[in-house]
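These are the residues of each chain, in order.
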Amino acid sequence: MIIGVPKEIKTDEYRVSMVPAGVEILTAAGHTVLVEAGAGLGTGVPDSEYAQHGAEVVGTAAEVWARSEMIVKVKEPLDAEFPHLRPGQVIFTYFHLAANEALTRVLLDKGCVCIAYETIQEADGTLPLLTPMSEVAGRMAIQEGAKYLERPQEGRGILLSGVPGVPPANIVILGGGVVGLNAAKIAAGIGALVTVLDVNLERLRYLDDVMPQNVFTLYSNAVNIRRMLREADLLIGAVLLRGDRAPILVTRDMLALMKPGAVIVDVAVDQGGCVETIRPTTHRQPTYMVDGISHYGVANMPGAVAGTSTYALTNVTLGYVKQLADKGWRRALRESRPLRLGLNLAAGAVTFDAIADLFHLPLTDPDTLLADPAS
């Protein structure tokens, strides 16, 4: 199979979807890997290193897209990439389609095979391709929140750890999953007072067991959320519904409960966000104010630390890429339920129920698309 690795073009996205080790493994298995010139520079990988490990470095994104049977990316295709899309081409990346109806309809019109990192699910319920970036984003949420709590950034001027004689900050985390756990771990280590809210009591029991004494757990409901908003210096949105839009837990009128200069970091923004007033921002302009509350909505947080996140991501994506390349997408999905759960769109049809429901589109059973066309 010919596998294409284009350079990411999202603003301040420095990750790359494949590192030289992956190229070596795929080319040793007989596949061809096309890497766009400069694709790895944001991660610190020069073109020469890709070439040394067997990649063909090509000069333009157009050539990568035109020659490749499967495109492996980090982020969803953007407007400038739409002309390159073609029927039957496999695209393997983060799509987050539940928050982007326009992109969903473009991909349907183009007839692409869209396999989403974020909806691949193992038998134990884990999301293996979402987990590493959730770990990165959860940890980053605390350091970004700390920055924007500083007074020059229009924050409250609060040091998360406090100092002797002055109490630490109150950090409230909505969601106790991978993002919430990692945010709580970093916040607790700094010395903040941390409250994690979730509706899963078993998860709350687990967090109560493993977290230090400055981390508290609380059942998530509207009453408790409103109560904690009054105390929060920093609010972290960490809610995830697999492949679906994040539920709105903090409405516009609830902002009035928060302290002036408090900060919201909504890590769920790429799935629409769990705060009504959040919208996607970029690393260059990461925050904006609403009713005196600073909102941080960067939708590709891990892109800022590509030297870490590229390797964390490609450690888990490569095995799935190889399955798709070795077997072709139909056979790979027939033989792997986790991969089949990653299929969102194919041949102009929606195969993921949450997307069909959100955008009022017909749902197609993915099994009907997986028969070998040669049979």
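Located above this text is the structure these notes cover.
What counts, and at which threshold
Residues numbered from 1 in each chain as written. Predicted model: local features only at pLDDT ≥ 70, side-chain atom pairs only at ≥ 80, totals over all residues. Heavy atoms only, no water. Helix = DSSP H or I, 4+ residues; strand = E, 2+ residues; numbered from the N terminus. Expected span 1.5 Å × (residues − 1). Buried < 20%, exposed > 50% of the residue type's maximum accessible area, 1.4 Å probe, protein only. Contact = heavy atoms within 4.5 Å. Salt bridge = Lys/Arg side-chain N within 4 Å of Asp/Glu carboxyl O. Pairing = 2+ DSSP bridges.

**Focus: helix H6 (residues 178–190)**
Here's step 1: Between the first and last C-alpha of H6 there are 19 Å, a value that for 13 residues agrees with the 18 Å anticipated at 1.5 Å per step.
Here's step 2: Listed in full, the buried residues belonging to H6 are Val-179, Gly-180, Leu-181, Asn-182, Ala-183, Ala-184, Ala-187 and Ala-188.
Here's step 3: Buried residues in H6 make contact with helix H5 (131–148), strand E7 (170–174), strand E8 (193–198), helix H7 (201–210) and strand E9 (215–219).
Here's step 4: Gly-191 occupies a position one or two residues after H6 and carries a positive phi of about 110°.

**Some points on the pattern of salt bridges**
Here's step 1: Following the criterion strictly, the structure yields 17 salt bridges and no others.
Here's step 2: Residues Asp-233 and Arg-156 are paired through a salt bridge, measuring 2.9 Å at the closest nitrogen-oxygen approach. A residue pair is termed long-range when its members are at least 10 positions apart, and Asp-233 in the loop between helix H8 (222–231) and strand E10 (234–237) and Arg-156 in the loop between H5 and E7 qualify at 77 residues.
Here's step 3: Its relative accessible area of 30% is what places Arg-156 among the partly exposed residues.
Here's step 4: Among the ionic pairs, Asp-367 bridges to Arg-340, the shortest N-O distance being 3.4 Å. Of the two residues, Asp-367 sits in the segment after helix H12 (353–359) while Arg-340 sits in helix H11 (residues 337–342), which places them 27 residues apart along the sequence.

**Looking at the sheet that holds strand E5 (residues 90–93)**
Here's step 1: Here eight strands make up an open sheet; going across it, the order is E3-E2-E1-E4-E5-E6-E14-E15 and the pairing mixed. Of all the strands in the sheet, just strand E3 (56–58) and strand E15 (349–350) have a single pairing partner and so form its edges.
Here's step 2: When strand E1 (residues 2–5) meets strand E4 (residues 70–72), the two strands line up parallel, connected through two bridges. The residue of E4 that forms the bridge with Gly-4 is Ile-71.

**Topic: the environment of Trp-65**
Here's step 1: By the element assignment, Trp-65 lies in helix H3 (residues 61–67).
Here's step 2: Each C-alpha atom, one on Trp-65 and one on Gln-323, is 20 Å from the other, the two residues being 258 residues apart in sequence.
Here's step 3: With residues near it in sequence (within four places) discarded, Trp-65 still touches Pro-6, Ile-71, Lys-73, Glu-81, His-84, Leu-85, Arg-86, Gln-89 and Ile-91.

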